[in-house]
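Summary of the model geometry
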Amino acid sequence: MKKFTLLMVAVFAMAMSANAQYTNKFWDNCAIGVEGGVTTNAHDWNTLHGAVAGINFTKGVTPLVSFEFAFTAGINNNYNWRMAHSSNVFDNVSAIASTKINLMNWFCGYKGTPRLFEIQARGGFGYMREFYPDFVGNPTKSGNDLNRAIAKFGFDFDFNLGESKAWTVSL
């Protein structure tokens, strides 16, 4: 009986030590970011441009793949599409879920620490709500909210700063 008890204590001790080695928690490799920018109309560069502000949450799953959820709001964006200004503070709000792939780690291999400069490809889909757009020249459509499916594709050019490269400025 003493051997069995001693064996059980040894098994539980090994299980506890193995559990203590587990360090991968949900909040590891997470980041919260602030977004800002200007929207443009590719057909008419001389029109007024609107601002975009937002916040995002990124979770790095591996050194190669990460997921991002972004929430943005547009201010005076309807000018770009020949619409009159909305009476609200924000002309639109959007939510996008994206996947980001670190191209530097994919093609050059992961060295164990972030590089000073990295390029990431991104792509995702989401939802946009436009508030009370007034279409110029078409008064029959004024006052209707619009719901749209949207997509976001492109590249991030990341500069990892600091001694441990914990801060990132992304363009």
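Before reading on, note that the structure itself is shown above.
Here is a short report on the structure shown in this document. Only a predicted model underlies this, so the values are computations on that prediction, with no experimental measurement involved.

1. Structural notes on the overall build of the protein chain
Scanning the protein chain from terminus to terminus reveals 2 helices and 9 strands. Walking the protein chain from its N terminus toward its C terminus, one meets helices and strands in the order α-β-β-β-β-β-α-β-β-β-β. Across the 171 residues of the protein chain, 26% fall into the buried class. Partitioning the intrachain contacts of the protein chain with sequence separation of at least 6 by distance along the chain shows that 52% fall at a separation of at least 24. In the form shown here, the protein chain has an accessible surface area of approximately 11900 Å², with 67% of it arising from carbon and sulfur atoms.

2. Here's the deal with the sheet that holds strand E2 (residues 50-60)
Strand pairing in a sheet takes place through backbone hydrogen bonds and is either antiparallel or parallel in direction. Overall, antiparallel pairing links the 7 strands, which are arranged E1-E2-E3-E5-E6-E8-E9 in an open sheet. Unpaired on one side and paired on the other, strand E1 (30-39) and strand E9 (167-170) mark the two borders of the sheet. Sheet twist, expressed as the mean angle between neighbouring strand axes with direction ignored, is 30°. By the bridge criterion, 4 bridges tie strand E8 (residues 146-161) to E9 in an arrangement that is antiparallel. Residue pairing across strands places Asn-160 opposite Thr-168, the latter belonging to E9.

3. Regarding the packing of aromatic side chains
One pair of aromatic rings is described through two measures. These are the centre distance and the angle between the planes. What the rule picks out here adds up to 4 aromatic pairs. Between the aromatic rings of Phe-125 and Phe-153, the centroid separation amounts to 5.6 Å while the plane-to-plane angle is 85°, which identifies the pairing as edge-to-face. A residue pair is termed long-range when its members are at least 10 positions apart, and Phe-125 in strand E6 (residues 117-130) and Phe-153 in strand E8 qualify at 28 residues. The exposure class of Phe-153 is exposed, given its relative accessible area of 59%.

4. Thoughts on unusual backbone geometry
If you check the backbone angles, Asn-29 has positive phi at about 60° while not being a glycine. With respect to the secondary-structure elements, Asn-29 resides in the loop between helix H1 (2-20) and E1. Residue Asn-29 is classed as exposed on the basis of its relative accessible area of 60%.

5. Thoughts on the pattern of salt bridges
All chains considered together, the criterion is met by 6 salt bridges. Linking Arg-122 and Glu-68 is a salt bridge whose minimum nitrogen-to-oxygen distance equals 2.9 Å. On the criterion of sequence distance, the pair formed by Arg-122 in strand E6 and Glu-68 in strand E3 (residues 65-75) is long-range, its members being 54 residues apart. The class of Glu-68 is buried, set by a relative accessible area of 2%. One continuous salt-bridge network, built from bridges that share partners, spans Glu-68, Lys-100, Arg-122 and Asp-156.

6. A short note on the pairing of E8
By the bridge criterion, 14 bridges tie E6 to E8 in an arrangement that is antiparallel. Across the sheet, the residue bridging to Arg-129 is Asn-147, located in E8.

7. Let's talk about a nonpolar patch on the surface
Taken together, Leu-116, Phe-117, Phe-155, Phe-157, Phe-159, Leu-161, Trp-167, Val-169 and Leu-171 make up a surface patch of nonpolar side chains, about 940 Å² in accessible area. Looking at the nonpolar patch, the elements that each hand over two or more residues are E8 and E9. With 4 residues, E8 is the largest single contributor of residues to the nonpolar patch. Locating Phe-117 in the fold gives a position in strand E6.

Cut-offs applied
- Residues numbered from 1 in each chain as written.
- Predicted model: local features only at pLDDT ≥ 70, side-chain atom pairs only at ≥ 80, totals over all residues.
- Heavy atoms only, no water.
- Helix = DSSP H or I, 4+ residues; strand = E, 2+ residues; numbered from the N terminus.
- Buried < 20%, exposed > 50% of the residue type's maximum accessible area, 1.4 Å probe, protein only.
- Contact = heavy atoms within 4.5 Å.
- Areas by Shrake-Rupley, 256 points an atom, 1.4 Å probe, with all protein chains shown as cover.
- Pairing = 2+ DSSP bridges.
- Axes fitted to C-alpha atoms, helices over the stretch in contact; angles between N-to-C directions.
- Phe/Tyr/Trp six-rings, centres within 6.5 Å; stacked < 30°, edge-to-face > 60°.
- Salt bridge = Lys/Arg side-chain N within 4 Å of Asp/Glu carboxyl O.
- Patch = residues over 30% accessible without salt bridge, like charges linked within 9 Å, V, L, I, M, F, W, Y side chains within 5 Å.

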